[in-house]
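Each chain, written out:
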Amino acid sequence: MLRFFTLLALCSIAQCCPTILTKSQWGGRSPTCRTAMSVPVPYVIIHHTEGTACSSKSTCTTQAKNVQSYHMNSNGWCDVGYSFLIGGDGSIFEGRGWTSVGAHAPNYNSKSIGISLIGSFTKSNPTTAAQNAAKSLISCGVSKGYIKSTYILKGHRNVTATDCPGNTFYNTVKTWPRFQA
Ligand SMILES: [Zn+2]
């Protein structure tokens, strides 16, 4: 019994984080520049990539690489814009990570974690695995001190003129904990 509660306590402090594939693990490119971000941040912003969806580790890795290439080659950015990307299989890909300023939401980049679900979710929702991975990633960020426990969750469209993260998914995000338009 004692051991059970000890494990629970440890879990609430640091252990309950999902697997996050680091840049080197998924074969992403290193950033060409970086601005450190002060943490914990007060906001979490949810996106969709508005591209092809994926349902396996290999196809999702391909999509993560495509998004990163687009952001670096076409937009001329230092790195993929998002803090993290999540595939339909629930895989989590490190983008800028917890402690670097992203390029995903004007005026919020230096005070938020930007999480983008791979696919276009105007007419359908991301998979349950992807949604659970996003929620688990947020809890992890709170437990590790990267996100304030009093954080506010927003969809990209709440902070700038965009359809992101898609109508159907946006209606789902509105039901998630700590959402505020
Ligand atoms: Zn967006």
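For the structure given in this document, a descriptive report is provided here. Here the structure is a predicted model, which is why all the values come from computation and not from measurement. (Residues numbered from 1 in each chain as written. Predicted model: local features only at pLDDT ≥ 70, side-chain atom pairs only at ≥ 80, totals over all residues. Heavy atoms only, no water.)

### A look at the pattern of salt bridges
Selection criterion: Here, a salt bridge means any Lys or Arg side-chain nitrogen found within 4 Å of an Asp or Glu carboxyl oxygen. Starting at the N terminus, helices and strands are each numbered in turn, a helix being any DSSP run of H or I of at least four residues and a strand any DSSP run of E of at least two. The rule is simple: take the accessible area with a 1.4 Å probe, protein chains only, and divide by the maximum for that residue type; under 20% is buried, over 50% is exposed, in between is partly exposed.
Applying the stated rule across the entire model yields 1 salt bridge. Linking Lys23 and Asp79 is a salt bridge whose minimum nitrogen-to-oxygen distance equals 2.8 Å. Within this pair, whereas Lys23 is found in helix α2 (residues 23-26), its partner Asp79 is found in the loop between α3 (57-74) and β3 (84-86), the two being separated by 56 residues in sequence. Each member of the pair, Lys23 together with Asp79, is buried.

### Some details on unusual backbone geometry
A cis amide bond, omega 5°, links Val39 with the succeeding residue Pro40. Structurally, Pro40 is set in the loop between α2 and β2 (41-48). Cis geometry marks the peptide bond from Cys164 to Pro165; its omega dihedral reads 10°. Along the chain, Pro165 turns up in the loop between β6 (147-155) and α5 (167-173). The phi dihedral of Glu50 falls on the positive side, at around 60°, and the residue is not glycine. With respect to the secondary-structure elements, Glu50 resides in the loop between β2 and α3. Overall, Glu50 belongs to the exposed group, its relative accessible area being 58%. A positive phi angle, near 70°, is found at Arg178, a position not held by glycine. Using a relative accessible area of 41% as the deciding quantity, one classes Arg178 as partly exposed.

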